[in-house]
Amino acid sequence: MAAQNDAKRDEGPEWRTDFIRQAVIEDNKTGRWGGKVITRFPPEPNGYLHIGHAKALWIDYGIAAEFGGEFHLRFDDTNPTVEEQEFIDAIAEDVRWLGCDFGSHLYFASDYFEKMHEYAVDLIQKGLAYVDDLSAEQVRQYRGSLTAPGKESPYRNRSREENLDLFERMRQGEFPDGSRVLRAKIDMAHPNMNLRDPVMYRILHAVHPHRGDTWCIYPMYDWAHGIEDSIEGVTHSLCDIDYENHRPLYDWFIDAINQGRAKPIHHPQQLEFARFNLTYTVMSKRRLRRMVEEKLVSGWDDPRLPTLRGLRRRGVTPTAIRDFLAQVGVSKYVGTIEVELLDHFLRAELNRTSPRVMGVLRPLKVVITNYPEGKSEMLEAVNNPEDAAAGTRQAPFSRELYIEQDDFLENPPKKFFRLSPGREVRLRYAYFITCQEVIKDAAGRVTELRCTYDPATRGGDAPDGRKVKATLHWVSARDGVDAEIRLYDRLFTKEAPEDLPEGQDFLANLNPKSLEVLTGCKVEPAAAAKTPGQRIQFERIGYFCLDPDSQPGRPVFNRTTTLKDTWAKIQQREEA
RNA sequence: UGGGGAAUAGUGUAACGGCAGCACAACUGACUCUGGAUCAGUUAGUCUAGGUUCGAAUCCUAGUUCCCCAGCCA
């Protein structure tokens, strides 16, 4: 043992990996699957993917990719009453977007219906399955409870012939929905509820998105899932920890099928890992749907939602999500991840890749009194200080400008070093200016500043070496483009919105300020020239993504995340 | 009260009988034409009680707490 550990350490830090990868490494070493690694992501097409699904996806895809294996996208379309083509398309799109390339390995559980049916008939013939006429309500009652054993259905001991006949007639459509089911004959007193004669088929006269009306009986997930994996030769069947209880049933089904079979069908190894919660959001499909249906958000792609579509619209990148998931890791503990971790990886990437532009969210007019009227000039600005290859651009400057309202305070506190009366600051890439006069309206609100500039500081440096404590972003009044800017914040005010006092609705924790729409913002021309989906940084403000709602000449930006803001932190502390 | 899982800094994760490490967060400081970025540093942890052992996060026993399971959903 000690020698083995030493050997592992010699391989370097890579051996420190999660328990699933360790199992794969071990299987490859022992030749359990002949060196093959086949994984799959098996969504049901009845909704949109969210970041929780992305974890499973990234584990499935990542492991196949790392070990030179095969990754399948397989739709678990066994319940036509809730599944739709729209979701199939959306899910496939999101999977690709995340970077999980399934190549030609796109499959549908419904393509295996014939095979599953054949296996079901086989089980009936072996006396391991039976048709039950009990109603759904009766089935439930007969199942017993967590602590009390169930009791056997009076139909449990029908003859093979009768079972075969009834199952065939179920398939032929002779019986109405809900009138009969096919059940596995296991043990009504089993301590694991899943093994108390689980339902294998139910009657559903419904049109299937892929199979039309070919079928009117549909397999239950537990019956179908293991067979799907078996047919595809999945070696490592990775899933949520919730299915740990079901593994004995999947094993039972495969063993039952293999009983007396000359060539046994493939028996995948299921391994379970934990899903996670994210702070300040909810992940359950039911709750997400409710917010969409009650129009508390704009749709499944609302940038505040943890759906992949929402994150994408917000400007979150696939790389950031992947880096985040890699850091989250794989374990069997259902933890709560702080959303700040996602933000961290998001900023790390966006800082590297986003072109900088200047945009003023809440404009305050500034007139440079000693700058010639009618004059304008172009000033060179760096596109991305983190990436020299991004080059420079020309930003127009003129006598009348806008700066951020937050960047001026008439009576500044000690730690505020932006503009105030008599103080000199730098306009980024432009000039030093000094505030000479404050103009107010009748209500006493500051409406305009009169400043002077120092022509010798053109470009932003003083030849005499004097320093200023602040650099402000600005937009030329003449050249700036009007924009709408949507400031998104966390959707809920509580870290765990679902953690509620008795009888309270999670919507009570909705953040009323999760979206603030700003109009009349001013952005420099370079920002307006972007196309929807493109990401930028408004200097000193944050990262933004151009929204599809944008119109020519009237861009709409979504705030992806803010820049770290030390001043905001100081302010908060002073207030507290 | 049946069965199945899980507990390591604030959060997540590593250490597989031999120095409890990493990331985020928080806090200091340096630097800065983004109060950004960057850099340096600080704080902080093995659920509890016994046992085995030269040595325990790791093995054993008992307990505590949390999660999942009673759809003809997946």
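What you see is a predicted model; the values in this text were computed from it and never measured. (Residues numbered from 1 in each chain as written. Chains lettered and ligands numbered in written order. Predicted model: local features only at pLDDT ≥ 70, side-chain atom pairs only at ≥ 80, totals over all residues. Heavy atoms only, no water.)

J.: Would you explain the overall build of chain A in this entry?
T.: For chain A, the count of helices and strands is 15 helices and 27 strands. Here the C-alpha radius of gyration of chain A, 31 Å, is well above what a compact globule of 576 residues would show, namely 25 Å. For chain A, the spread of C-alpha atoms along the three principal axes comes to 100 × 60 × 45 Å. Looking at the 576 residues of chain A, the share that counts as buried comes to 50%. Sequence-distant contacts in chain A: of pairs separated by 6 or more residues, those separated by 24 or more amount to 71%. Total accessible area on chain A stands at roughly 26,900 Å², and carbon and sulfur atoms take up 47% of it. If the 79 positive side-chain charges of chain A are averaged to one point and the 90 negative ones to another, these points end up 4 Å apart. (Helix = DSSP H or I, 4+ residues; strand = E, 2+ residues; numbered from the N terminus. Rg over C-alpha atoms; globule rule 2.2 N^0.38 Å. Buried < 20%, exposed > 50% of the residue type's maximum accessible area, 1.4 Å probe, protein only. Contact = heavy atoms within 4.5 Å. Areas by Shrake-Rupley, 256 points an atom, 1.4 Å probe, with all protein chains shown as cover. Lys, Arg positive; Asp, Glu negative; His and termini not counted. Charge placed at Lys NZ, Arg CZ, Asp CG, Glu CD.)

J.: I would appreciate a short explanation of the domain arrangement of chain A in the present structure.
T.: Accessible area lost upon the coming together of the parts is a frequently used measure of interface size. Looking at chain A, the domain boundaries give domain 1 (2-273), domain 2 (275-353 + 481-523 + 530-563) and domain 3 (357-477). Placing a centre on the C-alpha atoms of domain 1 and another on those of domain 3 gives a separation of 63 Å. (Domains from an automatic or database assignment.)

J.: What is the right way to read the sheet that holds strand E7 (residues 217-219) from this model?
T.: Sheet strands line up and pair through hydrogen bonds in the backbone, either parallel or antiparallel. Pairing is antiparallel across the open sheet formed by four strands, whose spatial order is E4-E5-E6-E7. Strand pairing shows two members of the sheet lacking a second neighbour, strand E4 (129-132) and E7, which therefore form its edges. Averaged over all neighbouring strand pairs, the angle between strand axes comes to 20°, with direction disregarded. (Pairing = 2+ DSSP bridges. Axes fitted to C-alpha atoms, helices over the stretch in contact; angles between N-to-C directions.)

J.: Is there a simple way to explain the environment of His208 in this structure?
T.: Summarising the element assignment, His208 is placed in the loop between strand E6 (199-203) and E7. Looking at His208, the relative accessible area reads 2%, which means it is buried. With 125 residues separating them along the chain, His208 and Glu83 place their C-alpha atoms 8.0 Å apart. Excluding anything up to four places from it in sequence, His208 contacts Asp77, Pro80, Glu83, Ser110, Phe113 and Tyr218. A distance of 2.9 Å separates the side chain of His208 from the backbone nitrogen of His210, its partner in a polar contact. Side-chain polar atoms of His208 contact the backbone nitrogen of Arg211, separated by 3.1 Å. (Polar contact = N/O pair within 3.5 Å; in protein donor to acceptor, adjacent residues only side chain to side chain.)

J.: Please clarify how the protein's contact with RNA strand B should be interpreted in this entry.
T.: Gln22, Ser331, Arg356, Arg426 and Gly459 are the nearest of the 71 residues found near RNA strand B. If you look at RNA strand B and keep only atoms within 4 Å of the protein, 65% of those are sugar or phosphate atoms. Within the side chain of Arg202, one N or O atom sits 2.7 Å away from a phosphate oxygen of RNA strand B. Separating a sugar or linking oxygen of RNA strand B from a side-chain N or O atom of Arg428 is a distance of 3.2 Å. (Near = heavy atom within 4 Å.)

J.: Sorry if this is basic, but what is going on with the packing of helix H8 (residues 221-232) against helix H9 (residues 247-258) here?
T.: Two measures define how a pair of helices packs: the angle their axes make with one another and the distance between the axes. Where H8 meets H9, the closest approach of the two axes is 9 Å, and the angle between their N-to-C directions is 65°. As for the relative orientation of H8 and H9, their crossing is right-handed in sense. The segment H8 lies against H9, with Tyr221, Asp222, Trp223, Gly226, Ile227 and Ser230 engaging Leu249, Tyr250, Phe253, Ile254 and Ile257. Grouping the constituent residues of the contact of H8 with H9 by class yields eight nonpolar, two polar and one charged. (Left-handed = near helix turned anticlockwise from the far one by under 90°. Nonpolar A, V, L, I, M, F, W, Y, C, P; charged D, E, K, R; others polar.)

J.: Even after reading the chapter, I still don't get the side chain of Asn192, so can you show me in this structure?
T.: Tracing the sequence through the fold places Asn192 in the loop between strand E5 (181-184) and E6. Once you skip the residues sitting within four places of it in the chain, Asn192 turns out to touch Asn245 and Pro248.

J.: Would you mind showing me how to read the packing of aromatic side chains here?
T.: One pass over the full model with this rule turns up 21 aromatic pairs. With 5.6 Å between their ring centres and 75° between their planes, Trp252 and Phe253 make a pair best called edge-to-face. Residue Phe253 is classed as buried on the basis of its relative accessible area of 3%. Chaining the aromatic ring pairs together yields one cluster made of Tyr371, Phe397, Tyr431, Tyr453 and Trp474. Taking the ring centre of Phe506 as reference, the NZ or CZ of Arg287 above it sits at 5.2 Å. The ring of Trp97 has Arg312 lying over it, and the distance from NZ or CZ to the ring centre is 5.1 Å. (Phe/Tyr/Trp six-rings, centres within 6.5 Å; stacked < 30°, edge-to-face > 60°. Lys NZ or Arg CZ within 6 Å of the ring centre and 35° of its normal.)

J.: Where do I start with H9 in this structure?
T.: Since the α-helix turns once every 3.6 residues, residues separated by three or four places project in the same direction. Spanning twelve residues, H9 covers 16 Å between terminal C-alpha atoms, matching the ideal 16 Å at 1.5 Å per step. As for H9, its buried residues are in contact with helix H5 (113-125), E5, E6, H8 and strand E9 (269-273). Trailing H9 by a residue or two, Gly260 shows a phi angle of about 75°, which is positive. (Expected span 1.5 Å × (residues − 1).)

J.: Whenever I open this one, the packing of H5 against H8 confuses me. Can you help?
T.: Relative orientation of the contacting elements H5 and H8 amounts to 115°, with a least axis distance of 10 Å. The chirality of how H5 crosses H8 is right-handed. Along the contact surface, H5 presents Lys115, Met116, Tyr119, Ala120 and Leu123, while H8 presents Trp223, Ala224, Ile227, Glu228 and Ile231. The residue inventory of the contact of H5 with H8, partitioned by class, reads eight nonpolar, no polar and two charged.

J.: Would you explain unusual backbone geometry in this entry?
T.: Both trends apply: most residues other than glycine have a negative phi, and most peptide bonds are in trans. Unlike most non-glycine residues, Asp197 shows phi in positive territory, near 50°. Taking relative accessible area as the criterion, Asp197 reaches 0% and is therefore assigned buried. For Arg540, which is not glycine, the phi torsion reads 70° and is therefore positive. Relative to the helices and strands, Arg540 resides in the loop between strand E25 (535-538) and strand E26 (542-546).

J.: Explanation requested: the pattern of salt bridges in the structure shown.
T.: Pairs may arise between side chains of opposite charge once their charged atoms sit close together. As enumerated under the stated definition, the model contains 56 salt bridges in all. Notably, a salt bridge pairs Arg21 with Asp18, separated by 2.6 Å at the nearest N-O pair. In this pair, the class of Arg21 matches that of Asp18, namely buried. For Arg540, the salt bridge goes to Asp407, with nearest N and O atoms at 2.2 Å. Here the residue Arg540 occupies a position in the loop between E25 and E26, and Asp407 occupies one in the loop between strand E17 (400-404) and strand E18 (424-427), the gap between them amounting to 133 residues. Residue classification places Arg540 among the partly exposed residues on the basis of a relative accessible area of 34%. (Salt bridge = Lys/Arg side-chain N within 4 Å of Asp/Glu carboxyl O.)

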